Amino acid sequence: CMMYYVFFFFKQKTAYEMLRSLVGSEMCIRDRLQTVSPQLVSICKNQHGTRAVQKLIEVVTDQTLVDIIINSLSQSVVELVTDNNGNHVIQKCLLVLTPFNKQFIYDAIIKHCVEIATHKHGCCVIQRCLDYANKKQKEDLTNVIVENTLELVQDQYGNYVTQY
């Protein structure tokens with residue numbers, strides 16, 4: 001039920017309209033986001049909810065709101081990366097968030113590199129990590145990939161990561 005509440009809220013306006021009215025409605029967004037934050041991972045995994053959360057990530061500029069999103073997603077990065085819908089939310093974070101704000105993704109992916117790299121959706125997310133990384137993030141991730149190259153090249157998805 002909460003999932004549809006969030007989806008309805010974010011589907012009422014286009015991303016452009018939300019961006020223009022964000023200053024006046026940040027308190028409203030914060031209140032609603034705090035209410036649904038315990039269910040945010042489930043919402044990300046829903047085919048409609050994933051789109052709503054991606055729009056939210058695109059338009060949120062207030063660091064307090066970004067922190068709520070990060071705190072809600074940070075313990076479930078592997079679960080989201082390996083989910084058909086959830087991986088798109090992680091990819092949107094990689095595209096939109098600052099290097100500091102998306103560090104939680106790199107930490108989880110480095111810790112679970114082989115598990116993620118050998119997954120159908122995970123290998124694509126790792127490739128996006130390499131695309132959107134700052135120098136330190138790219139270096140750290142590349143080192144872990146190199147350390148696990150022998151295992152990765154023998155896997156149908158891991159092989160794509162090593163070639164990238």
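Our subject in this report is the structure included herewith. (Residues numbered from 1 in each chain as written. Predicted model: local features only at pLDDT ≥ 70, side-chain atom pairs only at ≥ 80, totals over all residues. Heavy atoms only, no water.)

### Remarks on the environment of Glu 151
Looking at where Glu 151 falls in the secondary structure, it is placed in helix α12 (residues 149-153). A relative accessible area of 48% means that Glu 151 is categorised as partly exposed. A sequence separation of 33 residues divides Glu 151 from Thr 118, and the C-alpha atoms of the two residues are 9.3 Å apart. (Helix = DSSP H or I, 4+ residues; strand = E, 2+ residues; numbered from the N terminus. Buried < 20%, exposed > 50% of the residue type's maximum accessible area, 1.4 Å probe, protein only.)

### Some words on helix α8 (residues 103-111)
Considered for burial, the residues of α8 that qualify are Phe 104, Ile 105, Tyr 106, Ala 108 and Ile 109. The elements touched by buried residues of α8 are α5 (63-73), α6 (77-81), α7 (86-96), α9 (113-117), α10 (122-132) and α11 (135-147). (Contact = heavy atoms within 4.5 Å.)

### Remarks on the nonpolar core
Among the nonpolar cores identified, the biggest contains 46 residues, and Leu 73 and Ile 105 are the most heavily contacted of them. Here this core gets six residues from one element, more than from any other, and that element is α5. Not counting residues up to four positions away in its chain, the partners in contact with Ile 105 are Val 77, Ile 90, Cys 93, Leu 94 and Cys 129. (Core = buried A, V, L, I, M, F, W, Y, C linked by side-chain atoms within 4.5 Å.)

### A look at the side chain of Thr 50
With respect to the helices, strands and loops of the structure, Thr 50 is situated in helix α4 (residues 49-59). When its relative accessible area of 4% is taken as the criterion, Thr 50 is described as buried. At 3.0 Å, the side chain of Thr 50 forms a polar contact with the backbone oxygen of Asn 85. Setting aside residues no more than four positions away along its own chain, Thr 50 makes contact with Ile 43, Cys 44, Asn 85, His 88 and Val 89. (Polar contact = N/O pair within 3.5 Å; in protein donor to acceptor, adjacent residues only side chain to side chain.)

### A look at the pattern of salt bridges
Tallied over the entire structure, the rule returns five salt bridges. Glu 58 is paired through a salt bridge with Lys 92; the nearest N and O atoms lie 2.8 Å apart. Of this pair, Glu 58 sits in helix α4 while Lys 92 sits in helix α7, and the two are 34 residues apart along the sequence. Exposure remark for Glu 58: the relative accessible area of 34% places this residue in the partly exposed category. With relative accessibility at 15%, the residue Lys 92 sits in the buried group. Here Asp 131 ties to Arg 128 by a salt bridge, and the two come within 2.9 Å at their closest N and O atoms. (Salt bridge = Lys/Arg side-chain N within 4 Å of Asp/Glu carboxyl O.)

As far as function goes, none of this settles anything; it's purely spatial.
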